[in-house]
Amino acid sequence: GELAITMDLNHESANPDEFDEMWINTLLALIGEYFSRSTAINGVCCTAKTKFLRISIWLRDAKDVETINTMKKEWVGNLNGKLTVQNISFKPFSK
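Residues numbered from 1 in each chain as written. Predicted model: local features only at pLDDT ≥ 70, side-chain atom pairs only at ≥ 80, totals over all residues. Heavy atoms only, no water.

## Side note on the nonpolar core
At step 1: Of all hydrophobic cores here, the largest spans 19 residues; its most connected members are Leu 3, Met 22, Phe 35, Ile 57, Leu 59, Met 71 and Trp 75.
At step 2: Those elements that place two or more of their residues in this core are strand 1 (2-8), helix 1 (16-31), strand 3 (52-59) and helix 2 (65-78).
At step 3: The residues contacting Trp 75, other than those within four sequence positions of it, are Leu 3, Ala 4, Ile 5, Thr 26, Phe 35, Ile 55, Ile 57 and Ile 88. (Core = buried A, V, L, I, M, F, W, Y, C linked by side-chain atoms within 4.5 Å. Buried < 20%, exposed > 50% of the residue type's maximum accessible area, 1.4 Å probe, protein only. Helix = DSSP H or I, 4+ residues; strand = E, 2+ residues; numbered from the N terminus. Contact = heavy atoms within 4.5 Å.)

Take a look at the structure:
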């Protein structure tokens, strides 16, 4: 499944510099093994489109609700209070 933070660039409060900081903090957290369930992570991706920016963390098991919720909380904690758990979406990958 995919945990994602999306920034709508058409929104008046959109700040691409803040997004860059979130991306760097996410990468450093992955490199530094900040996440307690790092073995559940399959990958990370940053997408830049004309209308939105998105950071995604790909998880191994979309049915493991405990890992999903733990990852959301830890990701929010890593971003220094810039977001809440409600700002992070989750969607399972289709087969």
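## A closer look at the side chain of Asn 25
At step 1: Along the chain, Asn 25 turns up in helix 1.
At step 2: Residue Asn 25 is classed as buried on the basis of its relative accessible area, which comes to 17%.

## Comments concerning the layout of surface pockets
At step 1: When its volume is computed, the largest pocket comes out at roughly 220 Å³.
At step 2: Taken together, Ile 5, Thr 6, Met 7, Asp 8, His 11, Ser 13, Ala 14, Asn 15, Glu 18, Met 22, Leu 83 and Asn 87 make up the full set of residues lining the largest pocket.
At step 3: At the level of elements, strand 1 and helix 1 are the ones that each hand at least two residues to the lining of the largest pocket.
At step 4: Tallying contributions element by element places strand 1 first for the lining of the largest pocket, with four residues.
At step 5: Of the residues contributing to the lining of the largest pocket, the split by class is five nonpolar, five polar and two charged. (1 Å grid on protein atoms, 1.4 Å probe; cavity = no way out; pocket = protein on both sides within 12 Å on 5 of 7 lines; lining within 4 Å. Points joined across faces, edges and corners; volume = space filled by probe spheres on them. Nonpolar A, V, L, I, M, F, W, Y, C, P; charged D, E, K, R; others polar.)

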